[in-house]
Amino acid sequence: GAGVSQSPSNKVTEKGKDVELRCDPISGHTALYWYRQRLGQGLEFLIYFQGNSAPDKSGLPSDRFSAERTGESVSTLTIQRTQQEDSAVYLCASSPNPGLAGRAYNEQFFGPGTRLTVL
Amino acid sequence: GENVEQHPSTLSVQEGDSAVIKCTYSDSASNYFPWYKQELGKRPQLIIDIRSNVGEKKDQRIAVTLNKTAKHFSLHITETQPEDSAVYFCAATARSGGSQGNLIFGKGTKLSVKP
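The rules we used
- Residues numbered from 1 in each chain as written.
- Chains lettered and ligands numbered in written order.
- Predicted model: local features only at pLDDT ≥ 70, side-chain atom pairs only at ≥ 80, totals over all residues.
- Heavy atoms only, no water.
- Buried < 20%, exposed > 50% of the residue type's maximum accessible area, 1.4 Å probe, protein only.
- Helix = DSSP H or I, 4+ residues; strand = E, 2+ residues; numbered from the N terminus.
- Pairing = 2+ DSSP bridges.
- Contact = heavy atoms within 4.5 Å.
- Buried area = accessible area lost by both parts, 1.4 Å probe.
- Nonpolar A, V, L, I, M, F, W, Y, C, P; charged D, E, K, R; others polar.
- Axes fitted to C-alpha atoms, helices over the stretch in contact; angles between N-to-C directions.
- Disulfide = S-S within 2.5 Å.
- Salt bridge = Lys/Arg side-chain N within 4 Å of Asp/Glu carboxyl O.

The subject of this paragraph is the pairing of strand E3 (residues 19-25) of chain B. All names here are of chain B. Where burial is concerned, the two faces of E3 differ: the one with Ala19, Ile21, Cys23 and Tyr25 is buried and the one with Val20, Lys22 and Thr24 is not. Alignment of strand E1 (residues 4-7) against E3, held across four bridges, turns out to be antiparallel. Of the residues in E3, the one forming a bridge with histidine 7 is lysine 22. Judged from the six bridges that link them, E3 and strand E8 (residues 72-77) form a sheet pairing that is antiparallel. Its bridge partner being in E8, valine 20 is matched across the sheet by histidine 76.

Structure follows, in structure tokens:
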């Protein structure tokens, strides 16, 4: 079946502009995650959606960052008034309902990422 | 909250040698520890994981060990091949607040296997 998809694959924007990044998770996956990966760096957790629960926003670096998710499907990460330090690859991942199959945690499947460049 | 430390940050080995990457975690309640491999320009992919009710797991040339008392876990790759060259990330579950199911990643180890 189809994996996690993200759009756009690349985004170049000017400092101060707003950007929206989209993630389409694997169908049926209730959990969705956003990460930021700066060049040559690790995966920085941003936000986590699990079903209808309130999202865990503890990783968002500032109030310029926000994310929404429509039910258990598509998610949008919005960065307002972009800064040069926002330049990075933004990765989305999804995983099945952890309550299924009697397991607490499941593999996260990553999308290809959106490479954001802020000039 | 959970904190994951990973070392070394870079590792270079000769083809055929073994490679070991080590991680420590801070939250004793964490109970799931996956390892991801990220090849250059590609997305991270799960290669092996271990849950806290076992101490070791093997899958062909890769193995993971877990020491819950010391709160550390390691990835072992034997008979390394050039295609093993990649960045490897360890992770541990975050258990604080409503974060059950979330993962905290280490900063990654860049493994280079020289032919």
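Within the element layout of this structure, Glu72(A) appears in the loop between strand E6 (65-69) and strand E7 (75-79). The contact partners of Glu72(A), leaving out residues within four places of it in the chain, are Pro25(A), His29(A), Thr30(A) and Gly51(A).

Here the focus is the interface of chain A and chain B. At the interface, 19 residues of chain A touch 20 residues of chain B. A combined buried area of about 1700 Å² lies between chain A and chain B, and 53% of that area is made up of carbon and sulfur atoms. If you list the elements that add at least two residues to the side of chain A that touches chain B, you get strand E4 (31-37) and strand E5 (44-50) of chain A. The element that contributes the greatest number of residues to the side of chain A that touches chain B is E4(A), accounting for three residues. Among the residues forming the side of chain A that touches chain B, the class breakdown is ten nonpolar, six polar and three charged.

Let us now look at the sheet that holds E7(A). Residues and elements named next belong to chain A. Ordered in space as E1-E3-E7-E6, the four strands form an open sheet in which the pairing is antiparallel. Of all the strands in the sheet, just strand E1 (5-7) and E6 have a single pairing partner and so form its edges. Direction aside, neighbouring strands of the sheet carry axes that sit 15° apart on average. Alignment of E1 against strand E3 (residues 19-24), held across three bridges, turns out to be antiparallel. When the bridges of E3 are listed, glutamine 6 appears paired with cysteine 23.

With that settled, the discussion passes to the sheet that holds E8(B). Strand-to-strand pairing in sheets goes through backbone hydrogen bonds, with the strands running parallel or antiparallel. Residue and element names in this part refer to chain B. Ordered by their spatial adjacency, five strands build an open sheet running E1-E3-E8-E7-E6, and the pairing between neighbours is antiparallel. The open sheet has two edge strands with one neighbour each: E1 and strand E6 (56-59). For this sheet, the mean inter-axis angle between neighbouring strands, taken without regard to orientation, is 15°. Here E6 pairs with strand E7 (residues 62-67) via four bridges, running antiparallel. Residue lysine 57 lies in a different strand from E7, and its bridge partner there is valine 64.

All names here are of chain A. Applying the stated criterion to the full structure yields two disulfides over all chains. One disulfide in the model links cysteine 23 with cysteine 92; its S-S distance is 1.8 Å. Disulfide cysteine 23-cysteine 92: the torsion about the S-S bond is -65°, which places it as left-handed. Of the two residues, cysteine 23 sits in strand E3 while cysteine 92 sits in strand E8 (residues 88-95), which places them 69 residues apart along the sequence.

Residue and element names in this part refer to chain B. Counted under the stated rule, the structure contains eight salt bridges over all chains. Glutamate 39 is paired through a salt bridge with lysine 37; the nearest N and O atoms lie 3.5 Å apart. For glutamate 39, a relative accessible area of 30% corresponds to the partly exposed category. Under the relative-accessibility criterion, lysine 37 is labelled buried at 17%.

Note that all results are geometric; they support no functional claim without further evidence.
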